[in-house]
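# Geometric and topological summary
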Amino acid sequence: MKVTIDNITLEVEPGTTIMQAARMIGPEIAPPAMCYYEPLKGTGGKCRGCLVKVTAGSEKDPRPMPKLVPSCITTVQEGMIVENTINEQVLETRKGIVEFLLLNHPLDCPVCDQAGECHLQDFSFEHGVSSTRTIEDRNTFEPVDLGPYIKLNMNRCILCYRCVYAADQLTEGRVHGVMHRGDHAEISTYIEKAIDNDFSGNVIDVCPVGALTDRTYRFKSRVWFSKPEDAHCDCDKCSGNVTLWYRGDEVIRVTGRKNEWGEVKEFICNTCRFERKKTSDWVIEGPTKIARHSVISANKYGANLINPSFPIKQAALAYKLIDDDRDRSFLPARKSLPSSEKK
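Everything in this summary refers to the structure shown in the same document. (Residues numbered from 1 in each chain as written. Predicted model: local features only at pLDDT ≥ 70, side-chain atom pairs only at ≥ 80, totals over all residues. Heavy atoms only, no water.)

This part covers empty space enclosed by the protein. Under the defined criterion, the tally for this structure stands at three cavities of 30 Å³ or more. Of the volumes computed, that of the largest cavity is approximately 90 Å³. Lining the largest cavity are 14 residues, with Cys 157, Cys 160, Cys 163, Cys 207 and Leu 212 sitting closest to its centre. Per-class residue counts for the lining of the largest cavity are 13 nonpolar, no polar and one charged. Estimated volume of the second largest cavity: approximately 40 Å³. Forming the walls of the second largest cavity are Tyr 37, Gln 114, Glu 117, His 119, Arg 162, Asp 205, Val 206, Cys 207, Pro 208, Lys 258 and Gly 262. (1 Å grid on protein atoms, 1.4 Å probe; cavity = no way out; pocket = protein on both sides within 12 Å on 5 of 7 lines; lining within 4 Å. Points joined across faces, edges and corners; volume = space filled by probe spheres on them. Nonpolar A, V, L, I, M, F, W, Y, C, P; charged D, E, K, R; others polar.)

Put into structure tokens, the structure is as follows:
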């Protein structure tokens, strides 16, 4: 069936969502995703960051949908027409979504281990505003150790439910979830149980912010100072395909391999993630492919290959024309210096 997204028409299989169809076109058209995680079944529809405008429902019923719809859980129809980056209502709504997500989120990016690979940072830079209208105190929580490898900073959590779905689908017995309701909702373990199973570390990879962090990696290095390398090993629990993060010759972190959407397709076990921290444990395949716009690629490309589009774009957004119409008739005329005095 055919679907048109931002004036680009493509063929897709029946049952494809608008999000999946947009990703076929490319990252410049695909909506942002904070809760949707394609490898995990049931994710999506919670953060509302991927709302799009359907201007024509289908070929049989070309009427527009009355409200914006979440692209991650809305399937395409024959002849559907969707507007994402070209619709002003969508872009304005996303500014509000970012503001809601940042209501209780602390601005501690300089000390957060997720800084530099945080999806919320990207979302707020692309669709957010530079000021906030809130004056109330944020909800605050103390950091909690969820077992020997995972630390929970609930202050940063945006309740995307990714970690809950990951624990449900990858482990035999989930011991954590979302407690309470409304603005009191929080991620926690049942009766202070520890998250301890062979695949528990994957909740760190799926977390889009710095709420669930690796206790063996915390505060060791900034992500842009490390060098990622693809590697693999023979493992009887998982695929063994990982990304090794080097600081010099030291492996400071091991993560699952993420695609261009920041999603892990092959989840890894805790043995590979936490216990194999030597180069001799792995077969190195080569440098990990990093997107040019990512801060992780800093200092890894020549100056002639760096595109300064971001600072130029930010300068254009922050530019203000000063309207100064004050009366200057009382000021004495400026005299130019004689040519002999100019230096």
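Back to the write-up after that little detour.
On to the side chain of Asn 270. Its location among the elements puts Asn 270 in helix H6 (residues 270–275). A distance of 2.7 Å separates the side chain of Asn 270 from the backbone oxygen of Asn 197, its partner in a polar contact. Not counting residues within four places of it along the chain, the set of residues in contact with Asn 270 comprises Tyr 149, Asn 197, Asp 198, Phe 199, Ser 200, Gly 201 and Glu 275. (Helix = DSSP H or I, 4+ residues; strand = E, 2+ residues; numbered from the N terminus. Polar contact = N/O pair within 3.5 Å; in protein donor to acceptor, adjacent residues only side chain to side chain. Contact = heavy atoms within 4.5 Å.)

With that settled, consider helix H2 (residues 88–101). The end-to-end C-alpha separation of H2 is 20 Å, in line with the 20 Å expected for 14 residues at 1.5 Å each. Residues Val 90, Arg 94, Ile 97, Val 98, Glu 99 and Leu 101 constitute the buried set of H2. As for H2, its buried residues are in contact with strand S3 (51–56), strand S5 (80–83) and helix H3 (119–127). At the N-terminal end of H2, a side-chain oxygen is found 2.9 Å from the backbone nitrogen of Gln 89, two or three residues along, and the residue is Asn 87. (Expected span 1.5 Å × (residues − 1). Buried < 20%, exposed > 50% of the residue type's maximum accessible area, 1.4 Å probe, protein only.)

Distances and angles like these do not, on their own, reveal function.
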